[in-house]
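Structural features, examined
Chain residues, written in single-letter form:
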Amino acid sequence: MSFDPLLITCFEGLVETLHPYNFIAKEAIKEMLTSPGASEKVIPILPRLIAPLRTALGHADVTVFENALATLKYIVSDIR
């Protein structure tokens, strides 16, 4: 399964502050990025993930920032 539309949508959902939207975005990203073979699926769409991740990292809400930071950790550990 391609990560193209779903992972990008979940990254855009990182800025959500209402439950269950923030939970779904965070958990879906975690599941996709930790799945076997994720790096082959993430690398082609990585440029499209940067803008939503950057927006979430600059968000005023601390929880949004922490979720974005955790997501960044998953990306770094997956791609190396």
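Scroll up for the structure.
Residues numbered from 1 in each chain as written. Predicted model: local features only at pLDDT ≥ 70, side-chain atom pairs only at ≥ 80, totals over all residues. Heavy atoms only, no water.

**Digging into the overall build of the protein chain**
Quick note on the threshold: Numbering of helices and strands runs from the N terminus, with a helix taken as a DSSP run of H or I at least four residues long and a strand as a DSSP run of E at least two residues long. Between the two quantities, the radius of gyration covers C-alpha atoms and the globule rule is 2.2 Å times the number of residues to the power 0.38. For the exposure calls, accessible area comes from a 1.4 Å probe over protein chains only, and a residue counts as buried if that area is under 20% of its type's maximum, exposed if over 50%, partly exposed in between. We call two residues contacting when some pair of their heavy atoms lies within 4.5 Å. Only four residue types enter the charge count: Lys and Arg as positive, Asp and Glu as negative, with His and the chain ends excluded. Just so you know, the charge point we use is NZ for Lys, CZ for Arg, CG for Asp and CD for Glu.
Looking only at helices and strands, the protein chain features five helices and zero strands. Along the chain direction, N to C, the helices and strands of the protein chain fall in the order α-α-α-α-α. Its C-alpha atoms give the protein chain a radius of gyration of 12 Å, near enough to 12 Å, the size a compact globule of 80 residues would have. For the protein chain, the spread of C-alpha atoms along the principal axes amounts to about 30 × 20 × 20 Å. Taken over 80 residues, the protein chain has a buried fraction of 34%. For the protein chain, long-range pairs separated by at least 24 residues make up 68% of all intrachain contacts whose partners lie at least 6 apart in sequence. Distance between charge centroids for the protein chain: 5 Å, based on 7 positive and 9 negative side chains.

**Structural notes on the packing of aromatic side chains**
Remark: the centre distance and the inter-plane angle together describe each pair of aromatic rings, the angle taken between the planes. Put simply, the test is: We call Phe, Tyr and Trp rings a pair once their centres come within 6.5 Å, taking the six-membered ring for Trp, and we label the pair stacked below 30 degrees between planes, edge-to-face above 60, and tilted otherwise. Charge-over-ring contacts are defined here by two conditions on Lys NZ or Arg CZ: a distance within 6 Å of the ring centre and an angle within 35 degrees of the ring normal.
Applying the stated criterion across every chain, the model contains zero aromatic pairs. Over the face of the ring belonging to Y74 we find K73, whose NZ or CZ atom lies 5.6 Å from the ring centre.

**Thoughts on unusual backbone geometry**
Here the bond from H19 into P20 is cis, since omega is 10°, no more than 30 degrees from zero. Relative to the helices and strands, P20 is located in the loop between α1 (4–12) and α2 (21–33).

**Section: a nonpolar patch on the surface**
We apply this condition: A patch consists of residues whose relative accessible area exceeds 30% and which take part in no salt bridge; residues with like charges are grouped when within 9 Å of each other, and nonpolar side chains (Val, Leu, Ile, Met, Phe, Trp, Tyr) when within 5 Å. Here, Shrake-Rupley sampling with a 1.4 Å probe gives the accessible areas, and only protein chains in the shown set may cover a residue. What makes a salt bridge here is a side-chain nitrogen of Lys or Arg within 4 Å of a carboxyl oxygen of Asp or Glu, nothing more.
A surface patch of nonpolar side chains, amounting to about 320 Å² of accessible area, comprises F65, L69, L72 and V76. Looking at the element boundaries, L72 is found in helix α5 (residues 62–79). Residue L72 is classed as partly exposed on the basis of its relative accessible area of 32%.

**Points about the environment of P47**
Tracing the backbone through its elements, the reader meets P47 in helix α4 (residues 46–57). Residues P47 and I75, 28 residues apart in the sequence, show an inter-C-alpha distance of 12 Å.

**Here's the deal with the nonpolar core**
Stated precisely, the cut-off is as follows: Only buried residues count toward a nonpolar core, which is a set of Ala, Val, Leu, Ile, Met, Phe, Trp, Tyr and Cys residues joined through side-chain atoms within 4.5 Å.
Counting 19 residues, the largest nonpolar core has F3, L7, F11, I29, L33 and L49 as its most contacted members. Sequence-distant contacts of I29, defined by excluding residues within four places in its chain, comprise L7, C10, F11, L14 and T71.

**Overview of α4**
Selection rule: One fewer than the residue count of a helix, multiplied by 1.5 Å, yields its expected span. Here the arc refers to the directions that run from the helix axis out to each C-beta atom.
Along its 12 residues, α4 runs 16 Å from first to last C-alpha, staying within 8% of the 16 Å computed at 1.5 Å per residue. Restricting attention to buried positions, one finds in α4 the residues L49, P52, L53 and A56. The buried residues of α4 occupy one face: seen down the axis, they fall within an arc of 105°. Seen from the buried face of α4, the exposed residues on the opposite side, beyond 90 degrees, are P47, I50 and R54.

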